[in-house]
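# Fold and geometry: a report
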Amino acid sequence: MKKREFVERLDAMIPQTPPCFHHALLQTLEEIAAEEKEGEEIIMTPVRKKSYTLAIVLAVVLLLAAVATAATLLRHNVFEVTMGDVPSKGGEMIQYDLAEETVGNFEIKIREAAYDGMSLYIAYSIRDLTAEEPMGVAEAEDGIRYLSVEDAEKMADWNVGWWWDNIWIDGEAIDMPSMSGGEETGSDTPGELLSYQQYRLDQEGVFLTGDRVEIALPIGERQTIDAIVRDPESGQVLLPEKGMVTFYLDCSSRDEVVTATPNEVTHGEQWDAQVSSVVYSPIQMYITLDWNVHEDAMEAYIAENGDGYYIDGEKMWDYNGLDVCGGVIMSLELVKKDGTPVFASMRGYYGCGGCGPEEAWFTFPYLEEYPDEMFLAPVGENGADMTQAIRVR
């Protein structure tokens, strides 16, 4: 093959580069040339000429890879939206571009996913390929395009999207775990919906292991109730044959999880409590608190407020420990032995994520090294009340 023919074929294979890439490429080549000029006496040798050419080729390859990667990245990643911040090790945990399907005029992509040994994080997009305008209205402060009522009405007419309230892991249906949540937004791409979801799988007693876990989401072509078939013996919902988007995720991060069980009882003024589990994941700490209200405190509350909540003379529910001191339990803070906060400040959705009359669940940021002794304690104007502190570590 002649040199000219090779160049022409190479030129035909390479697409037009965007202006930003062209500028970056020229800048990189100029820097390489400047470095070579400083050692001009050396670059005239055949070996040095070869390294000069190789440097240019490597620069082109690296910049092409950078542009390709940037094109797939979301402006706000799944941790930033679901957790309010990106954990220190969060970026290295995210796996990208895991699946892509087209249903009619709609393109569905699994853009990001991660698993920290406790929670499953997924960001997916659904794009109307016929749309000409972006969805949502951008907020100046965070740049997120929040959806409007009109956007919701458009989505209701789509023949794709979430259509059943289960996810399937290795073919087994998982009910929607408590304390799960997410956010749906628009993007700068016309007709694109972004869905960011966090599933607290630990709340369903589900823990993923291995480097190839199958995850199926009901976000493809919408199905009717007839698509749902249950196992006659277990009652479990079987994996539907249609309407699913499936991908595989490396969940070996579960191997990095460390669990402690302090179980040291603290007797508070109105409650008894103990931390039954502390899970240290690669991106955050999960705390499970077992607690119960004192019987005399419950009796005093009922004597003053009645035995439950009534509407028009009909009791809707009985009062329980949450009514007596749930506010105190939910506001417990993580402190050191001397009562000072473990974290001077926390960016993100940390603290108590859920509370019942017998258990409460907390999350806190990841640290390379946690203090030797940590407690959950009520904190007031005068600082932490260590007489009611509950040992975490």
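Notes on the structure follow. None of the values given here were measured: they were computed from a predicted structure.

Now for the sheet that holds strand S11 (residues 245-249). The strand order S7-S6-S10-S11 describes an open sheet built from 4 strands, whose pairing is antiparallel. Each edge of the open sheet carries a strand with a single partner, namely strand S7 (172-175) and S11. Taken pair by pair, the neighbouring strands of this sheet meet at an average axis angle of 30°, ignoring direction. Two elements, strand S6 (residues 166-169) and strand S10 (residues 213-217), share 2 bridges in a ladder whose sense is antiparallel. Considered in S10, the bridge of Trp168 is made with Ala216.

Approximately 310 Å³ is the volume found for the second largest pocket. Lining the second largest pocket are 17 residues, and of these Thr82, Met83, Met179, Gln198 and Tyr349 lie nearest its centre. Of all the secondary structure elements, the ones that give two or more residues to the lining of the second largest pocket are helix H5 (78-82), strand S8 (181-186) and strand S19 (351-355). Per-class residue counts for the lining of the second largest pocket are 6 nonpolar, 9 polar and 2 charged.

Most peptide bonds take the trans configuration, and most residues that are not glycine carry a negative phi. Even without being glycine, Met179 reaches a positive phi, approximately 65°. Checked against the element boundaries, Met179 lands in the loop between S7 and S8. The exposure class of Met179 is partly exposed, given its relative accessible area of 21%. Positive phi is not limited to glycine here, since Asp312 has a value of about 55°. Mapping Asp312 onto the fold places it in the loop between strand S16 (308-311) and strand S17 (314-318). Residue Asp312 is classed as exposed on the basis of its relative accessible area of 82%.

Parameters at a glance
- Along each chain, numbering runs from 1 in the same order as the chain's sequence is written.
- Owing to the predicted nature of the model, reporting of local features is limited to residues with pLDDT of at least 70; listing and counting of side-chain atom pairs is limited to 80 or more, with chain, interface and lining totals taken over all residues.
- With hydrogens and water set aside, each side-chain value is computed from the structure's full complement of heavy atoms.
- Being paired, for any two strands, means DSSP has found at least two bridges between them.
- Numbered from the N terminus, helices here are DSSP runs of H or I no shorter than four residues, and strands are runs of E no shorter than two.
- Throughout, an axis means a line fitted to C-alpha atoms (over the contacting stretch in the case of helices), and angles, computed between N-to-C directions, take values from 0 to 180 degrees.
- Here a cavity denotes a set of grid points, spaced 1 Å apart and computed over the protein atoms alone, in which a 1.4 Å probe fits but from which it cannot get out, and a pocket denotes an open set meeting protein on both sides within 12 Å along at least five of seven lines; residues with an atom within 4 Å of a point are reported as lining.
- Grid points are joined across faces, edges and corners, and a volume is the space filled by probe spheres set on the points.
- Following the grouping adopted for this structure description, the nonpolar residues are Ala, Val, Leu, Ile, Met, Phe, Trp, Tyr, Cys and Pro, the charged ones are Asp, Glu, Lys and Arg, and the polar ones are all others, Gly among them.
- Only protein chains enter the area calculation, which uses a 1.4 Å probe; residues under 20% of their type maximum are buried, those over 50% are exposed, and those in between are partly exposed.

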